[in-house]
Amino acid sequence: MTALAREFTGIEDIREKVERGERLSFEDGVRLYRHPNLSEVGALANLVRERKHGDKAYYVRNQHINYTNICNKFCKFCSFYAKKGGPEPYEMSLEEVRRVVRKYKDIRITEIHSVGGINPRIPYEYYLDFIRVIKEERPGIHVKAFTAVEIVQIAEVGKKSIEETLADLKEAGLDSLPGGGIEVLSDRVHRELFGRKLNGEEWKRVARAAAALGLPQYATMLYGHIETVEERVDHLIQLRELQDETGHFLCMTPLSFHPEKTELEHIPMPTGEMDLRNIAVSRLLLDNFDHIKSFWIMNTPAITQIALWYGADDCDGTVLEYEITYEPGKYGYKNQALTPENMRYMIREAGRTPVERDSHYNEIPYDEEDDTPRGSRIPLPVVG
Ligand code: SF4
């Protein structure tokens with residue numbers, strides 16, 4: 001087993017556990033969050049990351065579709081939903097969904113990722129047809145859609161159980177569930193920030209039902225708002241326990257909170273330190289998750305490059321048309337897509353080996369000759 005030939009001030013016992021491949025405790029997690037030397041935490045996380053994936057850094061070619069921003073949950077951390085003085089309301093018809101899928105038909109992608117607001121006007125059939133339309137336009141594409149909160153809404157509107165709803169969606173072509181929907185598994189944070197949305201137990205119920213149906217899922221944690229270090233660790237350990245039980249999570253993404261245009265605008269934005277630490281501690285605590293993602297849109301490409309040495313092995317995707325965190329064209333954020341060449345360049349410049357993957361983390365062969373040689377300069381989008 002790989003070892004780190006150096007002393008780790010104050011976390012020597014944790015280093016030894018990591019080197020022996022032992023599971024870390026709640027207390028270890030809190031200590032890692034409080035440890036003053038971030039590089040040491042990062043080096044431990046990198047040990048685990050390289051044990052699992054060596055030098056590889058994964059990405060996927062994907063398109064995002066956010067079908068409506070009308071939402072009746074009013075989460076305090078959210079800048080996406082339509083409100084007075086904020087984004088204008090929209091709801092995509094199925095024809096518009098078809099158009100936006102067709103728009104990029106000539107671009108090779110392997111995944112469509114879709115989430116939206118909780119819009120009570122949308123009928124049950126829309127969600128099934130939404131998936132069918134995507135599959136008609138892009139046969140064989142992986143559809144990752146609807147967070148647990150949307151699943152609860154779809155079930156309610158269809159007057160069906162969660163299990164029946166997921167089975168219908170799967171039958172229509174749903175391939176996996178994205179993360180999100182719970183932010184942090186803490187009753188206090190739930191009460192204070194997103195009390196109208198499902199709670200932790202409901203979120204777990206959807207996860208268990210998805211697992212029972214053979215639908216893989218992704219997990220997330222939104223950090224940098226009102227949550228405490230202990231709540232973050234508790235969230236990660238609850239995810240770990242659930243993964244022990246179901247084994248259906250493919251990846252975990254720590255998501256950096258963006259306070260601009262939310263009710264929490266007074267909270268300073270997470271710094272690079274916080275981004276890297278959350279990735280590193282997630283990697284260290286989640287020993288039963290294969291992949292930890294640095295979502296470059298939220299973390300910026302620059303932090304994502306460093307994160308590849310702090311526990312992350314995945315950068316998400318090339319991402320076409322993302323609207324959740326930033327509204328394209330507004331607030332100075334214009335470009336929210338990376339070309340595959342950009343993505344590979346970003347990874348190579350960070351000293352890792354880019355590997356295109358599908359949504360299940362199967363590797364997709366790539367022509368090395370298409371790669372930009374290390375050291376040549378391709379401008380990356382300015383985000384954040
Ligand atoms: S986070 Fe989701 S559920 Fe909450 S307000 Fe935003 S769109 Fe609605």
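See above for the structure.
Here the structure is a predicted model, which means the values were calculated and not measured.

K.L.:
Explain the environment of His142 to me, please; I cannot follow it from the model alone.
P.N.:
Along the chain, His142 falls in strand S4 (residues 142-145). Taking C-alpha positions, His142 is 8.3 Å from Asp358, a pair spaced 216 residues apart along the chain.

K.L.:
For this particular structure, what's the right way to read the sheet that holds strand S8 (residues 314-317)?
P.N.:
Backbone hydrogen bonds are what pair the strands of a sheet, in a parallel or an antiparallel way. The sheet built from three strands is open, its strands ordered S8-S1-S9 with parallel pairing. Every other strand in the sheet has two partners, leaving S8 and strand S9 (353-356) as the edge strands with one partner each. When strand polarity is set aside, the average angle formed by the axes of neighbouring strands in this sheet is 25°. Both strand S1 (residues 56-60) and S8 contribute to a ladder of two bridges, which runs parallel. By the bridge assignment, Val60 is partnered in S8 with Gly317.

K.L.:
Would you mind going over helix H11 (residues 272-285) with me for this structure?
P.N.:
Three or four residues apart is the spacing at which side chains of an α-helix point the same way, because the helix has 3.6 residues per turn. The end-to-end C-alpha distance of H11, which contains 14 residues, comes to 20 Å, matching closely the 20 Å that a straight helix rising 1.5 Å per residue would cover. Summarising burial for H11: 11 of the 14 residues are buried, a large majority.

K.L.:
Would you take a moment to explain the pattern of salt bridges for this structure?
P.N.:
Opposite charge on two side chains permits them to pair, given that their charged atoms come into close proximity. Under the definition given, this model contains 35 salt bridges. Glu50 serves as the salt-bridge partner of Arg352, at 2.8 Å between the closest nitrogen and oxygen. Note that Arg352 is positioned in the loop between helix H13 (340-349) and S9 and Glu50 in helix H3 (residues 38-53), a separation of 302 residues in sequence. Relative accessible area serves as the criterion here: at 3%, Arg352 is assigned to the buried category. For Glu50, a relative accessible area of 33% corresponds to the partly exposed category. Salt-bridge contacts for Lys135 lead to Asp175; the nearest nitrogen and oxygen are separated by 2.7 Å. Highlighted residues: Lys135 in helix H5 (residues 124-137) and Asp175 in the loop between helix H7 (162-172) and helix H8 (187-194), separated in sequence by 40 residues.

K.L.:
Any chance you could explain the side chain of Asn119 here in plain terms?
P.N.:
Along the chain, Asn119 falls in the loop between strand S3 (111-114) and H5. Ignoring any residue separated from it by four or fewer positions in sequence, one finds Asn119 in contact with Thr68, Ile70, Glu91, Tyr127 and Gln153.

K.L.:
What's the story with the environment of Leu24 in this structure? I'm lost.
P.N.:
Structurally, Leu24 can be placed in the loop between helix H1 (12-20) and helix H2 (26-34). Spatially, the C-alpha atom of Leu24 lies 7.4 Å from that of Leu284, the residues being 260 residues apart in sequence. Those residues in contact with Leu24 that lie beyond four places of it in its chain are Ile14, Lys17, Val18, Leu32, Arg240, Leu284 and Leu285.

K.L.:
Would you mind going over the sheet that holds strand S7 (residues 291-292) with me for this structure?
P.N.:
The three strands are arranged S5-S6-S7 in an open sheet whose pairing can be described as parallel. Sheet topology places strand S5 (217-223) and S7 at the edges, where each strand pairs with a single neighbour. Pairing analysis gives seven bridges linking S5 to strand S6 (residues 249-256), with the strands arranged parallel. Directly across from Tyr223, in S6, lies its bridge partner Ser256.

Quick notes on the rules
Residues numbered from 1 in each chain as written. Predicted model: local features only at pLDDT ≥ 70, side-chain atom pairs only at ≥ 80, totals over all residues. Heavy atoms only, no water. Helix = DSSP H or I, 4+ residues; strand = E, 2+ residues; numbered from the N terminus. Pairing = 2+ DSSP bridges. Axes fitted to C-alpha atoms, helices over the stretch in contact; angles between N-to-C directions. Expected span 1.5 Å × (residues − 1). Buried < 20%, exposed > 50% of the residue type's maximum accessible area, 1.4 Å probe, protein only. Salt bridge = Lys/Arg side-chain N within 4 Å of Asp/Glu carboxyl O. Contact = heavy atoms within 4.5 Å.

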